[in-house]
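# A look at the structure
Residues per chain, in single letters:
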Amino acid sequence: MPWPVVLSLPLLLLLDTLHTFTSALEMKKIPVVAVTGVWGGSAALPCDVSHPPEDSILLLLWFRDHRTTPIYRLDERWLGRGKERHWSDEEELGARAVLEVASSPALLRVSTLTLDDQGLYTCRVDFKMQPTKTTRVNLTVVVPPESVGVVVGGVGGPQLAVTSVAGPYQEGDMLVLSCIAHGGVPPPSVVWFEDTHLLDSHMESQEGRSTTASPPIASAGATSNSTSPTSGVLSGTTQQSLANQTSPTRAGAGQPSAPPAAIVPYNTLTLGPLTRNDLKLLLTCEASNNNLTLPTSLVVMVDMNLPALSVVIRAPEPPLKAGKEYQIVCEVRGSRPPPTITWYNSHTRIPDAVETTSVDGNVTTSTLVFTPTPEDNMSFLRCVAETRSVHSTMEDIWNLTVHYLPTASANFGSSLDSSNIKEGDDVYFECEIEANPRVSHVSWRHNNEVLVHNVTSGVIISNQSLVLQRVVRAHAGRYSCHAHNVVGDASSNFLRLDVKYAPVCAPGQVTTYPVGRNEDAEVTCSVQANPLQATFQWTFNNT
């Protein structure tokens, strides 16, 4: 008769634990399910609990790496005996783990993940009837990059940080920007995009070069809502590999521990020579190390200083009218920054023009209020646009045609002695006229009465000349010329014609006096003369 075997409680627990493992050879044959979780988030570890309806689970155990004691247990053997069905290791999981057995496969949900949660997990399930099942799960915990920063030039040495705008550059320049990822485990990939087009995926930080980042380096772009586990990765100048970092102290349950810093990943983008088409080019730097979270990104716009493409004066249809106010617009396209616009009348600067620039900065207009004068005819307006940042000057010229009222000046003929004109002389007048357009009609007036060309009467009007033949005293008086063009009429100055003539009896002179003998008689002599008669001489004719 065999001896009864009596096992102590510690020995029973040891046997129960040893029973949880299959042989090492059999474990290697079990495929490993890969699960990825995000630092601070949660992960669901699957466990195969499939069984026939008539069967049921007795015991479900989760193990970690090479440990021989479970970190989580579901024990249905103690159902109804006052024992807890679910149990988790306080140091490993605590309240962060929840087992869902209603689903197939069963899921062990672990929240508030830390890098310490990475490892190989094994789930063993014992059933009432069917054989034990084992599931192996490899959990990888990733830390998304905290942010990305962009600097001008390559990495190493003092850096000029870029927040949103790079530049301004000039045409022909080479653009070199380095995108540096801050934080992230494993080290993220850093790429450059233009819109959705991939520009550069080659990371210089993977070439085995010294990865040194010198402050100051601007950190801009998307950041995590919580404190990053890799904050301060770029706080020093020399970056160490993950393998050289001291492993952090395990945090308490529910408190994610901070992972070590990794090599600084960066990607240097080189574009050029730049052309005008690269103005406002949007370049996106993205850093990502997983497909569970959106990439951390920063968008940089390329700014450029450019010379003007065109300068055009937009003016009313010529001709202009003297004395009338006009608005003349000079439009400059393509200059960045907006140009300095200067107006000139011939070579004389005109102040007080008003400038405006379009919202996109591409078009700058300068509006000049201009009132032309007759002297501006055949002159020109000049609009000069200067883009000082690129030492460029461009201009446009608009020739002026100004219409104005005639100006007339009446003069005696150059060979005429106007102070000694006698009856019977011929008198010549000239009318000097300045007008644009040319006058269409010239007229002469005597004492404001229009003269009519009449050769018989000795009045000859030819072009801008007036000839009075064999003048008499009636021709004396004020003369003026009048000019007319499409703009209007203008009058000249007045010329006074003084005709000299010999004395003659004045009208009404009494020539016969009837008188009686020895009667006194008063005889009056009244004459007209130019110049006035100063002396008189009487003679008596007794015949």
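Everything that follows concerns the structure shown earlier in this document.
What comes next concerns the included structure. What you see is a predicted model, and the numbers here were worked out from it, not measured in a lab.

## Let's talk about the state of the cysteines
If you walk through the whole model with that rule in mind, you get four disulfides. Note on cysteine connectivity: C330 is disulfide-linked to C383, with sulfurs 1.9 Å apart. Residues C330 and C383 share a disulfide whose torsion about the S-S bond is about -85 degrees; that sign makes it left-handed. One end of the pair, C330, is in strand β21 (residues 326-333); the other, C383, is in strand β26 (residues 380-387), with 53 residues separating them in the sequence. Note on C330: relative accessible area 0%, which makes it buried. Here C431 is linked by a disulfide to C481, with a sulfur-sulfur distance of 2.0 Å. Given an S-S torsion of about 65 degrees, the disulfide between C431 and C481 has right-handed geometry. One end of the pair, C431, is in strand β30 (residues 427-436); the other, C481, is in strand β35 (residues 477-484), and 50 residues separate them in sequence.

## Things to note about the nonpolar core
Counting residues in each nonpolar core, the largest one holds 29 residues, and the members touching the most others are L45, L60, W62, L108, V125 and L139. The element contributing the most residues to this core is strand β8 (residues 119-127), with four residues. The residues touching W62, leaving out its near neighbours within four places in the chain, are L45, P46, C47, P70, I71, Y72, L99, L108, Y121, T122, C123 and V137. Counting residues in hydrophobic clusters, the runner-up holds 23 residues, among them V148, A166, W192 and L269.

## Some remarks on the pairing of strand β33 (residues 459-462)
Inspection of the sheet shows β33 paired to strand β34 (residues 465-468) by four bridges, in the antiparallel sense. Following the sheet pairing, V459 is matched in β34 by L468. Where β33 hands over to β34, the hairpin turn is made up of two residues, of which N463 adopts a positive phi near 55 degrees.

## What to know about the sheet that holds strand β23 (residues 348-350)
Pairing is antiparallel across the open sheet formed by four strands, whose spatial order is β23-β22-β26-β27. Two strands bound the open sheet, and with one partner strand each, they are β23 and β27 (392-399). This sheet shows a mean twist of 30 degrees between the axes of neighbouring strands, independent of strand direction. With three bridges joining them, strand β22 (residues 340-345) and β23 adopt antiparallel strand pairing. Each bridged residue has a counterpart across the sheet, and for W343 the counterpart in β23 is I350.

## Remarks on the pattern of salt bridges
Using the criterion set out here, one finds 17 salt bridges in the structure. Where E92 meets R64, a salt bridge forms, and the shortest distance between an N and an O atom there is 3.2 Å. Within this pair, whereas E92 is found in the loop between β5 (86-88) and β6 (97-100), its partner R64 is found in strand β3 (residues 57-64), the two being separated by 28 residues in sequence. Residues E92 and R64 agree in their burial class; the two are buried. In this structure, R96 and D117 form a salt bridge, with 2.9 Å as the shortest nitrogen-oxygen distance. Taken together, the residues R96 in the loop between β5 and β6 and D117 in the loop between β7 (106-110) and β8 connect sequence positions 21 residues apart.

## Some remarks on the packing of aromatic side chains
By the definition in use, this model includes three aromatic pairs. Ring geometry for F412 and F429: centres 5.2 Å apart, planes at 35 degrees, overall tilted. Of this pair, F412 sits in strand β28 (residues 402-412) while F429 is found in strand β30, placing the two residues 17 residues apart along the sequence. Overall, F412 belongs to the buried group, its relative accessible area being 18%. Ring geometry for F429 and Y479: centres 4.9 Å apart, planes at 25 degrees, overall stacked. Residue F429 is found in strand β30, and its partner Y479 is found in strand β35; the two are separated by 50 residues along the sequence. For F429, a relative accessible area of 0% translates into the label buried. We classify Y479 as buried; its relative accessible area is 1%. Here a set of aromatic residues connected by ring pairs shows up, and it is made of F412, F429, W444 and Y479.

## Here we look at the environment of P168
Of note, P168 is situated in strand β12 (residues 165-170). The spatial distance from the C-alpha of P168 to the C-alpha of L279 is 9.3 Å, given a sequence separation of 111 residues.

## Some points on the side chain of S465
Among the secondary structure elements, S465 is positioned in strand β34. Here the side chain of S465 touches E430 through a polar contact of 2.9 Å, side chain to side chain. Filtering out sequence-adjacent residues up to four positions away, S465 remains in contact with F429, E430, W444 and I460.

## Regarding the sheet that holds strand β19 (residues 310-314)
In any sheet, the strands associate via hydrogen bonds between backbone groups, in a parallel or an antiparallel arrangement. The sheet built from four strands is open, its strands ordered β19-β21-β25-β24 with antiparallel pairing. Of all the strands in the sheet, the pair left with one neighbour each is β19 and β24 (354-357). Neighbouring strand axes in the sheet, compared pairwise and without regard to direction, differ in orientation by 20 degrees on average. Here β21 runs beside strand β25 (residues 363-370); their pairing, made up of eight bridges, is antiparallel. Note that in β25 the partner of Y326 across the bridge is F370.

Cut-off values and rules
- Residues numbered from 1 in each chain as written.
- Predicted model: local features only at pLDDT ≥ 70, side-chain atom pairs only at ≥ 80, totals over all residues.
- Heavy atoms only, no water.
- Disulfide = S-S within 2.5 Å.
- Helix = DSSP H or I, 4+ residues; strand = E, 2+ residues; numbered from the N terminus.
- Buried < 20%, exposed > 50% of the residue type's maximum accessible area, 1.4 Å probe, protein only.
- Core = buried A, V, L, I, M, F, W, Y, C linked by side-chain atoms within 4.5 Å.
- Contact = heavy atoms within 4.5 Å.
- Pairing = 2+ DSSP bridges.
- Axes fitted to C-alpha atoms, helices over the stretch in contact; angles between N-to-C directions.
- Salt bridge = Lys/Arg side-chain N within 4 Å of Asp/Glu carboxyl O.
- Phe/Tyr/Trp six-rings, centres within 6.5 Å; stacked < 30°, edge-to-face > 60°.
- Polar contact = N/O pair within 3.5 Å; in protein donor to acceptor, adjacent residues only side chain to side chain.

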